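Residue-level listing of the chains:
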Amino acid sequence: MTDESTDALLARLRHAARQEQFLDIVSAEEAMRRFRAAVPPGPLGTELVPLATSLGRIVAKTLPARADAPPFDRASVDGFALRAADTTGASEAVPVRLRLNAEVLACGVAPAIEVPPGTATAIATGGMIPRGADAVAMIEWTELEDAAEGPGILLSRALAPGQFIGFAGSDIARGEALLRAGAQITSREIGMLAAAGWSEVPVVRRPVVAVISTGDELHPPGTPLPPGGITDSNAAILCAAVSENGGEPLALGIFRDDPDALAAALSDALARADMVVMSGGTSKGAGDVSHRILSALPAPGVLVHGVALKPGKPLCLAVAGTKPVVVLPGFPTSAVFTFHEFAVPVLRAMAGLPPRAETEVEAQLAVRTPSELGRTEYVMVSLAEGEGTPRAFPLGKGSGSVTAFAQADGFFAIAALDQVAEVGSTVRVRLIGGAMRAPDLVIIGSHCVGLDAVLDVLAEQGIRARTLAVGSLGGLAAAKRGECDLAPAHLLDPTTVDYNTPFLAPGLMLEPGWRRSQGVVFRPGDARFEGRAGREAVRQAASDPGCLLVNRNAGSGTRILLDGLLEGARPAGYANQPKSHNAVAAAVSQSRADWGVAIETVARDYGLGFLPLADEHYDFFVPEGRRTRPAVVSFLACLRAPKVIARLNDLGFRA
Ligand SMILES: Nc1nc2c(c(=O)[nH]1)N[C@H]1C(S)=C(S)[C@@H](COP(=O)(O)OP(=O)(O)OC[C@H]3O[C@@H](n4cnc5c(N)ncnc54)[C@H](O)[C@@H]3O)O[C@H]1N2
Ligand code: MOO
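Everything numeric here is computed off the predicted structure, so don't read it as measured data. Numbers given for residues are sequential positions, taken from 1 along each chain in its written order. All chains are assigned letters beginning at A, and all ligands numbers beginning at 1, according to the order in which they are written. Only residues with pLDDT of at least 70 get local features here, since the model is predicted, and only at 80 or more are side-chain atom pairs given and counted; chain-wide, interface and lining totals rely on the full set of residues.

Asks: Please clarify how the overall build of the protein chain should be interpreted in this entry.
Replies: From N to C terminus, the protein chain includes 16 helices and 38 strands. Relative to its length of 655 residues, the protein chain is extended, with a C-alpha radius of gyration of 36 Å against a globular reference of 26 Å. Taken along the three principal axes of its C-alpha coordinates, the protein chain extends 120 × 70 × 45 Å. Expressed as a percentage of the 655 residues in the protein chain, the buried residues total 43%. Distance between backbone-placed C-beta atoms decides contact: two residues are in contact if it is within 7 Å. Of the contacts formed within the protein chain by residues at least 6 apart in sequence, a portion of 73% connects residues at least 24 apart. Only runs of H or I of at least four residues qualify as helices and only runs of E of at least two qualify as strands under DSSP, and these elements are numbered from the N terminus. We compute the radius of gyration over the C-alpha atoms and compare it with the globule rule, which gives 2.2 Å times the number of residues raised to the power 0.38. Whether a residue is buried, exposed or partly exposed is read from the other C-beta atoms within 10 Å of its own C-beta, which are placed from the backbone; 20 or more gives buried, 12 or fewer gives exposed, and intermediate counts give partly exposed.

Asks: Help me out: how do you make sense of the sheet that holds strand β4 (residues 79-82) in this one?
Replies: Backbone hydrogen bonds hold the strands of a sheet together, and the pairing may be parallel or antiparallel. Spatial strand order, β7-β4-β6-β5-β9-β8: six strands in an open sheet with mixed pairing. The sheet is open, and its two borders are formed by β7 (135-138) and β8 (142-147), each paired with just one other strand. Strand-to-strand, the axes of this sheet are offset by a mean angle of 40 degrees, without reference to chain direction. Should DSSP find at least two bridges between two strands, the strands are regarded as paired. Examined bridge by bridge, β4 and β7 share four bridges and lie antiparallel to one another. Paired with G79 across the bridge in β7 is M138. Orientation is described by axes fitted as lines to C-alpha atoms, over the contacting stretch for helices, and by angles from 0 to 180 degrees between their N-to-C directions.

Asks: Even after reading the chapter, I still don't get the nonpolar core, so can you show me in this structure?
Replies: It is characteristic of soluble globular proteins that their nonpolar side chains tend to be buried jointly. Of all hydrophobic cores here, the largest spans 159 residues; its most connected members are V276, V277, V381 and V521. Take this core: its biggest share by element is 11 residues, from helix α7 (residues 332-350). Apart from residues no more than four positions distant in its own chain, V277 is found in contact with V209, A210, V211, L238, V326, L328, F339 and A343. Only buried residues count toward a nonpolar core: Ala, Val, Leu, Ile, Met, Phe, Trp, Tyr and Cys, linked into one set through C-beta atoms within 7 Å.

Asks: I'm lost on the confidence of the model for the protein chain in this one. Help?
Replies: Residues shown with low pLDDT carry predicted positions that ought not to be read at fine detail. Values of pLDDT, which run from 0 to 100, indicate the predictor's confidence residue by residue. Scored by pLDDT, the protein chain has a mean of 91; 96% of the residues are at 70 or more. Scored by ipTM, the complex comes to 0.98, with pTM at 0.80.

Asks: Please explain the site of ligand 1 as it appears in this structure.
Replies: Close to ligand 1 lie 27 residues, the nearest being N234, G280, S283, P329 and G330. Contributions of two or more residues to the shell around ligand 1 are made by α4 (234-244) and α7. All amino acids are sorted into three groups, where Ala, Val, Leu, Ile, Met, Phe, Trp, Tyr, Cys and Pro are nonpolar, Asp, Glu, Lys and Arg are charged, and the leftover types, Gly among them, are polar. Grouping the constituent residues of the shell around ligand 1 by class yields eight nonpolar, 14 polar and five charged. As a rule, any residue with its backbone-derived C-beta atom within 6 Å of a molecule or strand is reported as near that molecule or strand.

Asks: Sorry if this is basic, but what is going on with the environment of S371 here?
Replies: The topology assignment puts S371 in the loop between β23 (369-370) and β24 (376-384). Sequence separation of S371 and V632 is 261 residues, and the distance between their C-alpha atoms is 36 Å. If we ignore the near neighbours within four places in the chain, the residues touching S371 are E377, I414, D418, Q419, V420 and A421.

Asks: Would you mind going over the packing of α4 against α7 with me for this structure?
Replies: Two measures define how a pair of helices packs: the angle their axes make with one another and the distance between the axes. Where α4 meets α7, the closest approach of the two axes is 11 Å, and the angle between their N-to-C directions is 25 degrees. By the angle between their directions, the pair α4 and α7 is classed as roughly parallel. For the pair α4 and α7, the sense of crossing is right-handed. Contact residues: α4 offers N234, I237, L238, A241 and V242, while α7 offers P332, A335, V336, F339, H340 and L347. Its residues assigned to classes, the contact of α4 with α7 shows nine nonpolar, two polar and no charged. In these notes the angle categories are as follows: under 35 degrees is roughly parallel, over 145 is roughly antiparallel, 65 to 115 is roughly perpendicular, and the rest is oblique. Whether a crossing is left-handed or right-handed is set by the direction in which the near helix is turned from the far one by less than a right angle, anticlockwise for left-handed and clockwise for right-handed.

Asks: Help me understand the site of ligand 2 in this model?
Replies: What surrounds ligand 2 is the set K310, P311, G312, K313, P329, F331, S334 and S399. Residues belonging to the shell around ligand 2 are distributed by class as follows: three nonpolar, three polar and two charged.

Asks: Help me out: how do you make sense of the sheet that holds strand β18 (residues 300-305) in this one?
Replies: Strand order in the open sheet formed by six strands is β16-β13-β17-β21-β20-β18, and the pairing between neighbours is mixed. With partners counted over all chains shown, the strands left at the sheet margins are β16 (248-255) and β18, one partner each. Averaged over all pairs of adjacent strands, the angle between strand axes in this sheet comes to 15 degrees, irrespective of strand direction. Sheet analysis places β18 next to strand β20 (residues 316-320), joined by five bridges and oriented antiparallel. Across the sheet, H305 pairs through a bridge with C316, a residue of β20. In the packing of helix α2 (residues 28-38) onto the sheet, contacts are made with β18 and β20, and the angle to β18 comes to roughly 165 degrees. Across the sheet, α7 is in contact with β13 (208-214), β17 (275-279), β20 and β21 (323-328); its angle to β21 comes to roughly 170 degrees.

Asks: Would you mind showing me how to read the environment of I463 here?
Replies: Residue placement: I463 occurs in the loop between α9 (449-460) and β30 (465-469). For the pair I463 and E422, spaced 41 residues apart in sequence, the C-alpha to C-alpha distance is 34 Å. With near-sequence residues (within four places) excluded, I463 lies in contact with D440, L441, L458, A631 and S634.

Asks: Quick question: what am I supposed to make of the pairing of β8 here?
Replies: Across six bridges, β8 lies against strand β9 (residues 150-155) in antiparallel orientation. Across the sheet, the residue bridging to E143 is L154, located in β9. Hairpin connection of β8 to β9: two residues between the antiparallel strands.

Asks: Is there a simple way to explain the pairing of strand β5 (residues 96-105) in this structure?
Replies: The side chains of a regular strand alternate between the sheet's two faces. Where β5 meets β9, four bridges bridge the pair, whose relative direction is antiparallel. Bridge pairing in β9 places V96 opposite L155.

Below you can see the structure in the form of structure tokens.
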């Protein structure tokens, strides 16, 4: 930071917040180059911390041993300290007799008597070797003998000089390097430092990273949300990621999209922290003021605003004096992705940590993936072990997802000039969150909350399942290719009006799951639906232009059922076609629509009225070759377990 007073800086920040300023969009490499060049390289500085609190810290300079370990020559067995030369030729048949000196060397006793030739001194393991002695005989090799000349031992083995002695400094010698700069202190290093005399340790000062969330819509986790409200998840994940990468998070909270409030927050953050991370308000909307404030930062100021990548295009990178300031896009996946790609390398360098180890694996892309021209797109994927190379399934959740980063095994890049990554192409997946763990059971297909009830019981048995929700047809295709153990599906054949069986293919088996009651959902008390039969309610609603439908996506079993009931009618709202039961229930419950078709469990969950229409079958396709795998056998046994059946029935399914 410069010497500018906080007040003057605040005034400049306020003024800047009202101006528009955009820089040109740059490549990710150029953005990183500018950012790194403007931040002083290397760790921040050094502080002394007590050994007991040094866990996880980074050693700031090479630490020599301050004392020898062990600090003196000591016995490594219980027995007798003696001169090896006196034991030459000793054997069971011809033992050597040594006189006992009048001293017993327990641990912690400083020897007072020398060991003259022809004598021995009793010593405990860890006892200090007395002057004159150069070896220790194990007590098992000796017999005590009382003679006229005084007590002695009969020794039945010859000893080499140095035998059973741990010499001073043989573990580590005073002055030898114990730990070098950059080493991270774990419990193992702490024991070594304690032994070598370090009660306080010089470590790299942890960079304090201020974390600021911006947005009028944001509320802290766990507080009830008003209509339009969003839970601030960015602050939590960013603070934790700061800690994971050697920093100390300073959570400053949520600020409204108000130039004055944000300017004050930023100037407070710069006064208290070594780095500032804001999220939200960096795009082009009217409320996007975060990035504008940055234009008033002390030099070098804003370095980058706009990077040709997805997620993360509106990223803004700045440096105030020597302090990095980053405005991340508000969308959670964009925020955490750009934090890891751009802020973490700088943070780790400030914290004295080495660059994060990256692991890449080759995988085969399971789904054709279009990409926007002109931006390098990073696609979050889940990996499933196939025969040979693993298959990469894009999560398809977009920048706004709060789960993608946690659920993905990694990501691959589609180059800026490519508009698509073809199915079957080889992609290099950078792993996130540690190495890839092979699950015991891979389930790809349609998701149902009932499935979680089964998997909970399996987890109690130590069986770890990986589920990829790609829809019934996606699961069926994966099962045909032998990529999963189970493909849960609820596929309705419009001609036979049968579920799932008509879709069986050679090499596949079908295991029955449970039934889900589907019906009309509506807000309780709505007289257009209350008390009617399902089919009659559909007919009535379809002919009432004021009664708004929320439809389902083409190809879903629900859509096929509804189209059958509508017999060609296209009621108001027909074009609104979300992809899940939950989206239908949310639309009705929030009055964006008046009716739709969903399963009973979801209707109940949203407090909606429900008029049954039909039963949907949720079954499992299993590749024949995988049917006898132990985890599959356990899963199918679990489906029939009374405890699981009771739980499914409780949830509103019929098992
Ligand atoms: N006309 C244009 N609109 C947008 C563009 C564009 O170029 N032109 N860029 C889009 C891209 S790409 C992204 S990424 C987003 C990022 O926008 P902002 O950084 O301005 O973020 P906000 O508008 O404040 O929020 C976006 C979204 O994220 C939610 N959010 C914000 N903060 C949090 C938080 N702390 N925790 C959880 N969720 C958060 C917020 O509610 C919004 O839903 O802009 C596109 N638009
Ligand atoms: O860059 Mo934004 O993160 O694409 O959605």
